[in-house]
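Chain by chain, the residues:
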Amino acid sequence: MTTEPARIRAKQFHQTPDLVDWRVLGEGACAYFRTGSLAAGARLLTALAELPGTSPGNPDVDVRADGVTVRLITVEPDYYGLTEQSVELARAVSATAARLGFAADPSAVGTAQVTVDALDIPAVLAFWRALLGYQNRSGSPEDLIDPRRRGAPFYFQQLDRPRTERNCLHVDVWVPHDQAAARIAAALAAGGKLVSDEYAPGHWVLADPEGNEACVGVAGHPGQG
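Please read all numbers here as calculations on a predicted model, not as lab measurements.

(A) Just the packing of aromatic side chains, in detail. Within the structure shown, the criterion is met by four aromatic pairs. For the ring pair Trp128 and Phe154, a centre distance of 5.3 Å and an interplane angle of 35° mean the geometry is tilted. With Trp128 in helix H4 (residues 121–132) and Phe154 in strand E12 (residues 154–158), this pair connects stretches of sequence that are 26 residues apart. Relative to Phe156, the ring of Phe154 has its centre 6.5 Å away and its plane inclined at 35°; by these criteria the two rings are tilted. One aromatic cluster in this structure is built from Phe127, Trp128, Tyr134, Phe154 and Phe156.

Below is the structure:
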């Protein structure tokens, strides 16, 4: 009988030793390795493909001219997140990159998500699913993801009344927990304003000079309960 890997939270992942290359974002655990060329990135990709414990889509690898981003996410019919297998695979990926001489840069990872506030989520979600060619995320009636894993995910947030005083669509920016303060400071210095830090250090609400809102979020911050 095969035992399924235990599911873990972002904070557990961050508290695990030997994972300094990695940061958990909204879409899984991510690491970025500077390779300097497509040819070097291809060498890393080839080596990663030979690691034990890989499966279709896990790891999810993005090879660019300057470096390689590796994302670990377990996708099951009722789950979208991290498992103990993610920890094992993260260690193996880091060891492989180090053996090939590629250094990690945790500050270079990040993701963005579009959040739509809606009164009737099923109706609004159906429109965006058809328009974007997206699909429902495993186990969630409120999330859409790009099946090609290229476009930003969409999250649908429940409204309890019509909203006229502010927009109903904003961007969620996921950053490493140790980069949030710098990213927020840069946004404020560029003319933004802090709307709310009520939920810090989980997330902060900012707005641009014309009041369009965005959230800066982190996953598994050491200061979170």
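Having seen the structure, we can now continue with the description.
(B) Spotlight on helix H2 (residues 38–49). Across its 12 residues, H2 extends 16 Å between first and last C-alpha, which sits within 8% of the 16 Å expected from 1.5 Å per residue. What H2 keeps buried is the set Ala40, Gly41, Leu44, Ala47 and Leu48. One side of H2 carries all its buried residues, which in axial view fall inside an arc of 120°. Every exposed residue of H2 that faces more than 90 degrees away from the buried side is listed here: Leu38, Ala39 and Ala49. Residues of H2 that are buried in the fold lie against strand E3 (28–34), strand E4 (60–63), strand E5 (67–72) and helix H3 (84–99).

(C) Here's a closer look at the sheet that holds strand E7 (residues 79–83). Taken in spatial order, the three strands of this open sheet run E1-E7-E6, and their pairing is antiparallel. Looking at strand neighbours, the two that pair on one side only are strand E1 (7–8) and strand E6 (74–76), the edges of this open sheet. With three bridges connecting them, E6 and E7 associate as antiparallel partners. Looking at the pairing, Glu76 lines up with Tyr79 of E7.

Here is what the cut-offs are and how they apply
Residues numbered from 1 in each chain as written. Predicted model: local features only at pLDDT ≥ 70, side-chain atom pairs only at ≥ 80, totals over all residues. Heavy atoms only, no water. Phe/Tyr/Trp six-rings, centres within 6.5 Å; stacked < 30°, edge-to-face > 60°. Helix = DSSP H or I, 4+ residues; strand = E, 2+ residues; numbered from the N terminus. Expected span 1.5 Å × (residues − 1). Buried < 20%, exposed > 50% of the residue type's maximum accessible area, 1.4 Å probe, protein only. Arc of directions from axis to C-beta. Contact = heavy atoms within 4.5 Å. Pairing = 2+ DSSP bridges.

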